[in-house]
Amino acid sequence: MGKQSQQKTQAGVLGVLTRLSAALEANSQELSHLEGTRLRFANLVSEALEAAREQAALAAEKQEASQRLTLFLNEGMRLATGLSRLLREFYGVGSEKLTEFGLQPFRGRTRRSKPDEPETPPPPPVVEVEAEKPAADGSEV
């Protein structure tokens, strides 16, 4: 079978099998001694083609279902955000009842404590020393 057996994808293998089945049917007069096997093979290829069609249809259905699910989830999250705001309004932002709905009540801000270690003093400033400049009239000082 040479190159035919090198097919790796299901579609490629199905193509090889379909072509072989068609060639066997076209030469069925010469290959009458293989008639039982040829018919069994043709039936198997037909079943494989039907399974491939079914798989393609299910893949399309899966994509549609995934799109619908995404739509419902996005709409659900939008509504959940609005409901959480309404619940905070109704119960109050600090109410512990909010935890029943999976919301975090406002419990105040925590203050950061000051570190126990003393801060290191800043380094002393660097003093620049000016070099002697000759006088503007050219005389030395």
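Everything quoted here is computed from the prediction, not taken from an experiment. (Residues numbered from 1 in each chain as written. Predicted model: local features only at pLDDT ≥ 70, side-chain atom pairs only at ≥ 80, totals over all residues. Heavy atoms only, no water.)

## Section: the overall build of the protein
Within the protein, the regular secondary structure consists of two helices and zero strands. By the burial criterion, 10% of the 141 residues in the protein qualify as buried. Summarising the internal contacts of the protein: among those between residues at least 6 apart in sequence, 21% fall at separations of at least 24. Carbon and sulfur atoms form 56% of the exposed surface of the protein, whose accessible area is close to 13200 Å². (Helix = DSSP H or I, 4+ residues; strand = E, 2+ residues; numbered from the N terminus. Buried < 20%, exposed > 50% of the residue type's maximum accessible area, 1.4 Å probe, protein only. Contact = heavy atoms within 4.5 Å. Areas by Shrake-Rupley, 256 points an atom, 1.4 Å probe, with all protein chains shown as cover.)

## Considerations on the packing of aromatic side chains
In total, this model carries two aromatic pairs according to the counting rule given. An angle of 85° between the planes, with centres 4.9 Å apart, marks the rings of F90 and Y91 as edge-to-face. The exposed category is assigned to F90, whose relative accessible area is 66%. A centroid spacing of 5.8 Å and a plane angle of 35° characterise the contact between Y91 and F101, whose relative ring orientation is tilted. Linking Y91 in helix α2 (residues 35-91) with F101 in the segment after α2, this pair joins segments that are ten residues apart in sequence. Judged by its relative accessible area of 39%, F101 is partly exposed. Each member of the aromatic cluster is reached from another via a ring pair, and the members are F90, Y91 and F101. (Phe/Tyr/Trp six-rings, centres within 6.5 Å; stacked < 30°, edge-to-face > 60°.)

## A word on α2
The end-to-end C-alpha distance of α2, which contains 57 residues, comes to 80 Å, matching closely the 84 Å that a straight helix rising 1.5 Å per residue would cover. Along α2, the residues classified as buried are R38, V45 and S84. Looking at the residues trailing α2, positive phi occurs at G92, about 100°. (Expected span 1.5 Å × (residues − 1).)

## Observations concerning the environment of E100
Summarising the element assignment, E100 is placed in the segment after α2. Side-chain polar atoms of E100 contact the side chain of K97, separated by 2.8 Å. (Polar contact = N/O pair within 3.5 Å; in protein donor to acceptor, adjacent residues only side chain to side chain.)

## Thoughts on the pattern of salt bridges
Working definition: two side chains of opposite charge can pair if their charged atoms are close together. Overall, the coordinates contain five salt bridges when judged by the stated rule. The residue E35 makes a salt bridge to R38 at a minimum N-O spacing of 2.7 Å. A residue pair is termed a helical-turn pair when its members lie 3 or 4 positions apart in one helix, as E35 and R38 do in helix α2 at three residues. For E35, a relative accessible area of 28% corresponds to the partly exposed category. The exposure class assigned to R38 is buried, which follows from its relative accessible area of 11%. As a salt-bridge pair, R78 and E75 come within 2.7 Å of each other at their nearest N and O atoms. Residue R78 and its partner E75 are both found in helix α2; the two are separated by three residues, about one turn of the helix. Taking the relative accessible area as the measure of exposure, R78 reaches 51% and is therefore exposed. Residue E75 is classed as partly exposed on the basis of its relative accessible area, which comes to 37%. (Salt bridge = Lys/Arg side-chain N within 4 Å of Asp/Glu carboxyl O.)

Note that every value here comes from positions in space, so none of it alone points to a role or purpose.
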